[in-house]
Structures are given as C-alpha cells and as structure tokens.
Amino acid sequence: MEEKTIQIAGSITVDELATALGLSVTELIGTLFKNGIVATINQRLDYETASIIIDELGLENVKLERKNTSTQTSDFHRELSDKAVTRPPVVAVMGHVDHGKTTLLDTLLHKKTVEAEAGGITQHISAYQLKHDDRIITFLDTPGHEAFAAIRQHGAMLTDIVVIVVAADDGVKPQTVEAINFAKSANAKIIVAINKIDREGADIDRTKADLSQHGLQPEEWGGDITMVPISAKMNQNLDKLLDMILLTADIEELKADVDIPAEGLVIESHMETGKGSVVNLLVTGGELKTGEFIVAGSTYAKIRTMLDWKGKPKGKATPSTPVTITGFKELPNFGDRFIEVKDEKTARKMALLNAQAAANESASANVTSSDLLRMMNVADNSKTFNVIVKGDVLGSVTSVVDSLKMIDTKGEVTLNIVSTGVGDINENDVYMAAGGNTVIYGFNVSVPINISKMAARDGVPIRTYRVIYELLDDAKHEMENLLDAEIIEEDKGEMKVLGVFRTEKTSIIAGGEVLKGDVKPEFLVRVVRGKEYLGEAEVTSVQKEKIDVKELTAGETGGLALKTTSKIDLQIGDRLKFFTRESKKRTL
C-alpha cells in the first residue's frame, strides 16, 4: 500500500486530520474520546498528539512530517531595497553569571549599574548606545542567570553580533555554552571577549582551548572567531574590542530601509504610575516618530512620548535604535513585532484582528501530547502546586514562569499557573488565590498594606523577591513539601521463637535465639511462619536472664515484649525479622 505523508505546521484541526487520513470526522472523534479527549471538529492537535492517535488507529501507511514555519522574530529579515542605508550593529552581550558583562558595559558607557541590580545580576534586557570612531553601536545587556533563558533567547534573535564574555580565570561554563548555542541559532556573528585577564589565575590560552572544544576556533589558531583579551574593570583593550565589532559590522554590510513604515520589536514593557504603559522598542526598519500610530500584537499606540536610552526626549528613531515610548492602550507582549500604520482607525482594526486570531487559537483548545498522555494515564496521582506570578515587566514574568516550569518533579507535582500579570499585587490576585491553596509570587513588585492585610485574613501566602534564585528556591521547597516522603527500611536482625509466654490482643511476651544481627527496644518486627506473613509489631523491651538489657546479639537467647496493633497467633518455630523504618523528606 502506498505511504501517505501528512505535513503538520505546529498543529492541525480534527477536521483537517480526518480528511488527510481519509476517515470520517466521527470516527476520529470517537478514537479521541476513547483516549479521554472530548474533541470538537475544530479542535487543534499538535504533532505529537496526531502521532499518538495515528498509532492508536493502527495506520502503518501514514507518515507525519513537521512543516517548517518561521518564528515570529525571524519574519523581520525582509528583502532590502536598493535604497537601503548602512545602520549601526546591534550587539548582544552574553555569558555566564559574574563573568563581567555588565561591568564591561558600565566601563564602555561610563556609568555604574552593578550595585543597582538585585544581587548584582542583570534582571532585564537593557539597551544602550555608544559612539566609537564617530560611529554608533547599539548594545543589549542580556541577563546571565539561567532562569532568564527566555529573555536571553529573544536577545539573541534581535542581534547582529553576539559578544560572549568569558572570564579568563573561570573558563567556559554552562551559560557560556548556552549563549554560544543561542548565537549560532540566531545566525549572529560571534566575538569572544576574554575578560578578567588582570586577575591571578587568568589563563588566556586555556580559555581559548575550552572555547575551541565548543566549536569556537580562534582566528590565530586557524579558525574564524575573533577573540579579544580584555579587562573590563581596568579598561584594558576595550577600544580593540569596539574596533572588532565595527570591522565585523562592515564585513556583514548591515543595512536597513528607512523609507518604509517603521517596524521593530518590543524588548520590554511595564506600567508606571502617572505614565501608563511604558514600552521599550528596538527599531529595525523605517523611522519612528512621536505622534505616529503603531500596532503590536492585539494592542496599539499613538506615540505620546519617546525617549532615548539616557531618558532624553527623542523626536525620531532610525534603525538599530532603542527607544522608550508611552501611549500604548494595553501592554504589548515581550518579543511582539510592532509596525507603523497610517491612522488610529487602521491601528484599531489591525489590533482587533490580531486579538481575534489569538482568541480563535485559544478557543480551539489545542490538545498537546502531554495533555493526551495525562488523560490516557488514569493512574496519574500527581499533586498540584498553584501559583500566581506578578512581575515588574513582562520579560520578568515570562522568565519566572519558564523557570518554574523547568523545575523537574519527575511528574509527581504538577505546576498550575493560575494567572500572571504585570504590576503590584492587588485584590484580584488575592481573590483568585483564596481557597485555592495558591502561592502568590511577586518579582520586583510591591504589596500595598491593605492587600497584605487582606491576604493574611484570607490565609493567602504572598512572597516577593528581587533575586530570582530565591524565588525559585522557595517554589522548589514548596513542591518538595508536596512530594510523598521516602520510606527507608533497614534490616537489623532475626530471631527464632523458642517459647511463647503470653499472647494478648495488643501485646506478646516471647523468648528465642538471635540468629543474626541484633535486637533492641523500639525495633520493628515482622512475624513470619515459613513464607506466610503474620503481622507487624514493635519491640518494647528486651531481657536476658530476666534482666532488662539494651540489646541481644547473634547467638544469644533472651526474652522480649512486643506491642501489636492486632492479635498475632505467635507459635514456637516462627521467625521474628527485626528492622527500622525511617521517613525521609525528599528533595528535587
């Protein structure tokens, strides 16, 4: 029989899959129902779910293929016109925690931000510009902690050049490797800044060797990666690093059209009292001006104010320029594309269409493979940890949620994100958490006194953090508390019963010979006759020659008193197997 190939781009509706398989919709819905899914004709199934269902149907002649679709950010790489002009390079600075990314930018920009960052760690994407040899370079300072992988991945997708900062005294670390992979996946050019060469223990050649093990071969070793030894703290070789950035930009011939409607990406957004929505944008094409209308996802703005990275008013922003604007009706999503439109009517209509498309996608209630497997597994006894996440900006919320999802509980605890939002913790958050055994986590946000009192009254735990390590540690601890304790048993000894002196409903007095190990008060004991298990008891006292002793050891005879929960018909010849049982709290 001829093999049939079905391509799936992201997901496929039940109707589309039935048609592709040559089945009736009723038959396919019936198969889904048997596997615990009550599906509608327009419900969407992801690739893995479709695979599982095809296996269930026993269709061996059907082959599924993933159809490649471009990502939201990659759609930006439009064809340039012959009028395109040279633009500044956009450079992301990445690397492991404490390897000196923010210090490097501070030195370059003559400012001081490290102390201001919670725990000395960059928490958001920050965009800056500097001038070198009368040319502009745009820098993105991306967070280095593993919890901010979501932000950092977006950071890489926004960039032309990635400067990977590696400490010469510490070498390649997991987040260094992650940054390398992100840069490669974004097709960005890579320059390595080998930092902290002023420190004792710095070894430039060893660092280069480490990097070459991860696919970055230095130019001087016959490779194609520029590596510049620097000291960000001592301002050593930073001009050379900037020269290399501009040289790379020249080789890449970075250009953009300016006579098109302005477009770009949302790199951060949050609410500010008195200002409303405050949104950081990176312009990638056209010229953005105050007073213009732009659409980002399901919201739009008439640009009320526009500031440069220093907070100074800016009337016009050209490609590769980061700006902060006000005027959005609602907060756009982190990573959304924005585009300039001619008037408010067009902006409103476009935002509405985007919102409807998103709603339709949501209403179709996509079924994922994890949903299906969970539904199919009727023995699923997992516990649920409910959380509400509030953050100062959307990027933080995204990263906190993604990081929480990365906590591995081996399927024993299910993370349920009740809701997320930007801004201080409010009444609605407490209402949603009340009665639902839900923890509210706040990241870089405040809790008004009246909300704190309300939460205390309703028994709702609110925990706020400025450093994400601490938030994740708390969540991990909460999830550990939901895990069933590990029961550890240890064999201690065995006795052969030689005499039974008294048997009552909840106690036994008997004597015998210890065959192996030892016997002590408080040991637990299993009573066995041949292969038959008769019951369990606890040793309350041990005697030798009618005198209480602390223990009996192998080869000794003596008596013992046992406490039982139900009557055991103990007889001569039975075996008593002694053990201890400990309940140990499990960790993740």
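Here the structure is a predicted model, which means the values were calculated and not measured. (Residues numbered from 1 in each chain as written. Predicted model: local features only at pLDDT ≥ 70, side-chain atom pairs only at ≥ 80, totals over all residues. Heavy atoms only, no water.)

A. View of the overall build of the protein chain. Secondary structure assignment for the protein chain yields 14 helices and 32 strands. The long-range share in the protein chain, meaning contacts at least 24 apart out of those at least 6 apart in sequence, stands at 71%. Carbon and sulfur atoms make up 47% of the accessible area of the protein chain, which amounts to about 29,500 Å² in all. (Helix = DSSP H or I, 4+ residues; strand = E, 2+ residues; numbered from the N terminus. Contact = heavy atoms within 4.5 Å. Areas by Shrake-Rupley, 256 points an atom, 1.4 Å probe, with all protein chains shown as cover.)

B. Summary view of the pattern of salt bridges. For the structure shown, the criterion picks out 23 salt bridges. A salt bridge links arginine 581 to glutamate 536, with the shortest nitrogen-to-oxygen separation between them at 3.1 Å. Here arginine 581, found in strand E32 (residues 575-584), pairs with glutamate 536, found in strand E28 (residues 532-544); they are 45 residues apart in sequence, far enough to count as distant. Members of the salt-bridge network, linked through shared partners, are Glu489, Arg526, Glu536 and Arg581. (Salt bridge = Lys/Arg side-chain N within 4 Å of Asp/Glu carboxyl O.)

C. Geometry of a negative patch on the surface. Together, Asp133, Asp134, Asp239 and Asp243 make up a negatively charged patch on the protein surface. Here aspartate 133 is to be found in the loop between strand E7 (126-132) and strand E8 (135-141). (Patch = residues over 30% accessible without salt bridge, like charges linked within 9 Å, V, L, I, M, F, W, Y side chains within 5 Å. Lys, Arg positive; Asp, Glu negative; His and termini not counted. Charge placed at Lys NZ, Arg CZ, Asp CG, Glu CD.)

D. Local environment of the pairing of strand E11 (residues 226-229). Burial along E11 is two-sided: Thr226 and Val228 facing one way and Met227 and Pro229 facing the other are all buried. Direction of pairing for strand E10 (residues 189-195) relative to E11: parallel, over a ladder of four bridges. Paired with alanine 193 across the two strands is valine 228, which belongs to E11. Between the parallel elements E10 and E11, the chain passes through helix H7 (residues 204-212) in a crossover that is right-handed. (Buried < 20%, exposed > 50% of the residue type's maximum accessible area, 1.4 Å probe, protein only. Pairing = 2+ DSSP bridges. Right-handed = clockwise from strand over helix to strand, strands pointing away.)

E. Region of interest: the sheet that holds strand E16 (residues 293-296). Within the closed barrel, the six strands sit side by side as E13-E14-E19-E17-E16-E20. Their pairing is antiparallel. Each adjacent strand pair in this sheet contributes to an overall mean axis angle of 45°, direction not counted. Pairing analysis gives four bridges linking E16 to strand E20 (residues 337-341), with the strands arranged antiparallel. Residue alanine 296 lies in a different strand from E20, and its bridge partner there is phenylalanine 338. (Axes fitted to C-alpha atoms, helices over the stretch in contact; angles between N-to-C directions.)

F. Seen up close, the packing of helix H11 (residues 394-405) against helix H14 (residues 468-482). Running from N to C, H11 and H14 point in directions that differ by 40°, and their axes come no closer than 10 Å. As far as their axial angle goes, H14 and H11 are oblique. By crossing handedness, the relation of H11 to H14 is classed as right-handed. Listed contacts from H14 to Val400, Ser403 and Leu404 of H11 are Ile468, Leu471, Leu472 and Ala475. In terms of residue class, the contact of H11 with H14 is made up of six nonpolar, one polar and no charged. (Parallel < 35°, antiparallel > 145°, perpendicular 65-115°, else oblique. Left-handed = near helix turned anticlockwise from the far one by under 90°. Nonpolar A, V, L, I, M, F, W, Y, C, P; charged D, E, K, R; others polar.)

G. Local environment of the nonpolar core. Leu104, Ile137, Phe139 and Ile245 are the most contacted members of the largest nonpolar core, which totals 25 residues. Counting only elements with at least two residues in this core, the list comes to strand E6 (90-95), helix H4 (101-109), E7, E8, strand E9 (161-167), E10 and helix H8 (238-252). Of the residues forming this core, the biggest block, six residues, is contributed by H8. Those residues in contact with isoleucine 245, other than ones at most four positions away along the chain, are Pro89, Val91, Ile137, Phe139, Ile161, Val163 and Ile191. Leu394, Val422, Phe443 and Tyr465 belong to the second largest nonpolar core, which has 22 residues in total. (Core = buried A, V, L, I, M, F, W, Y, C linked by side-chain atoms within 4.5 Å.)

H. Focus on the pairing of E32. Bridging between strand E25 (residues 486-503) and E32 involves ten bridges; their strand directions are antiparallel. Bridge pairing links glycine 493 to phenylalanine 578 in E32.

I. Highlighting the sheet that holds strand E24 (residues 462-465). With parallel pairing, the four strands of this open sheet are ordered in space as E22-E21-E23-E24. Edge positions in the open sheet fall to strand E22 (413-422) and E24, since each of these has one partner strand only. In this sheet, neighbouring strand axes are inclined to one another by 25° on average, regardless of whether the strands run parallel or antiparallel. Pairing of strand E21 (residues 383-391) with E22, which is carried by nine bridges, proceeds in the parallel orientation. Bridge assignment links phenylalanine 385 to a residue of E22, and that residue is leucine 415.

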